[in-house]
Structure formats: structure tokens, C-alpha cells
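Each chain, letter by letter, is given below.
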Amino acid sequence: MDVAITERGILVGYDGSARSGRALSWAARETAGRGESLAVCYTRAAVAASDAIGVVLAHRGGEQVLARGVQLAQDAAPGVKVEALLADEPAAAICRARS
């Protein structure tokens, strides 16, 4: 489970799988209990910059996954502030940058 508790709230990785959905729901409830904000992060697969269509499709796919994740978090903990974070960087780098 990729979850980080930071000064800015809770950051959770979400890839659309059932396992990450359970982690996201837990993180949303934990966030509500702490009165914090929640950042849902999806790190998309690396696509060569020369593959313009691949870059666009990867971005759109990431946005769709994140939209489902944000909705899942809001359903699990209504009223929690949820931020969507689409990244090209490895998840570990995002956790370090946000902590």
C-alpha cells in the first residue's frame, strides 16, 4: 500500500486496481478522522516523448483512473478535500517531494 502522511495531508497512490482502491478508501477515512486533505496520485507509464499519440493516450488514461479514484475517496469519506495528482515520476519520488 503506497500511503504517505505528510505535513500537507495524506498522499495515496492509486492505480485503479481493487487493492489500491481498498488502500484509497482506508486513506480517505483516515484523512477524515484527522481533519486533513487527501492527495490521490497516479503515476503513468513512461512514454517516449517522440510518441505524441502515446503521450496523449497515457495522459487521458491517467486522468480517467484519477477521476475514478477521486470519486472513490469522496464516496468513502464525504466532505474530505481530495486533490488529484497525475505524475510522470516514479511514486517514490512523488512521496519524497510531497513530504
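Conventions adopted
- Residues numbered from 1 in each chain as written.
- Predicted model: local features only at pLDDT ≥ 70, side-chain atom pairs only at ≥ 80, totals over all residues.
- Heavy atoms only, no water.
- Core = buried A, V, L, I, M, F, W, Y, C linked by side-chain atoms within 4.5 Å.
- Buried < 20%, exposed > 50% of the residue type's maximum accessible area, 1.4 Å probe, protein only.
- Helix = DSSP H or I, 4+ residues; strand = E, 2+ residues; numbered from the N terminus.
- Contact = heavy atoms within 4.5 Å.
- Pairing = 2+ DSSP bridges.
- Right-handed = clockwise from strand over helix to strand, strands pointing away.
- Salt bridge = Lys/Arg side-chain N within 4 Å of Asp/Glu carboxyl O.

**Quick look at the nonpolar core**
And step 1. Among the nonpolar cores identified, the biggest contains 16 residues, and Val12, Leu24, Leu38, Val40, Ala73 and Val82 are the most heavily contacted of them.
And step 2. No other element matches helix H2 (residues 52–76), which puts four residues into this core.
And step 3. When near neighbours in sequence (up to four residues on either side) are disregarded, Ala73 contacts Leu24, Ala28, Leu38 and Val82.

**Some remarks on the pairing of strand E2 (residues 9–13)**
And step 1. Within E2, four of the five residues are buried, leaving the element largely enclosed by the surrounding structure.
And step 2. Direction of pairing for E2 relative to strand E3 (residues 38–43): parallel, over a ladder of four bridges. From the neighbouring strand, Val12 faces E3, where its bridge partner is Val40.
And step 3. Following the backbone out of E2, through helix H1 (residues 18–34) and into the adjacent parallel E3, one traces a crossover that is right-handed.

**Thoughts on the environment of Glu83**
And step 1. Looking at where Glu83 falls in the secondary structure, it is placed in strand E4 (residues 82–87).
And step 2. Sequence separation between Glu83 and Val70 is 13 residues; the distance between their C-alpha atoms is 7.5 Å.

**So, the side chain of Ser25**
And step 1. Topologically, Ser25 is positioned in helix H1.
And step 2. Of the residues examined, Ser25 reaches a relative accessible area of 13% and is grouped as buried.
And step 3. Among all residues touching Ser25, those that are not within four sequence positions of it are Leu72 and Ala76.

**Overview of the pattern of salt bridges**
A pair can form between side chains of opposite charge whenever their charged atoms are brought close.
And step 1. Within the structure shown, the criterion is met by one salt bridge.
And step 2. Between Arg34 and Glu30 there is a salt bridge; the shortest N-O distance is 2.9 Å. In this pair, Arg34 and Glu30 are both assigned in helix H1, four residues apart and thus about one turn of the helix distant.

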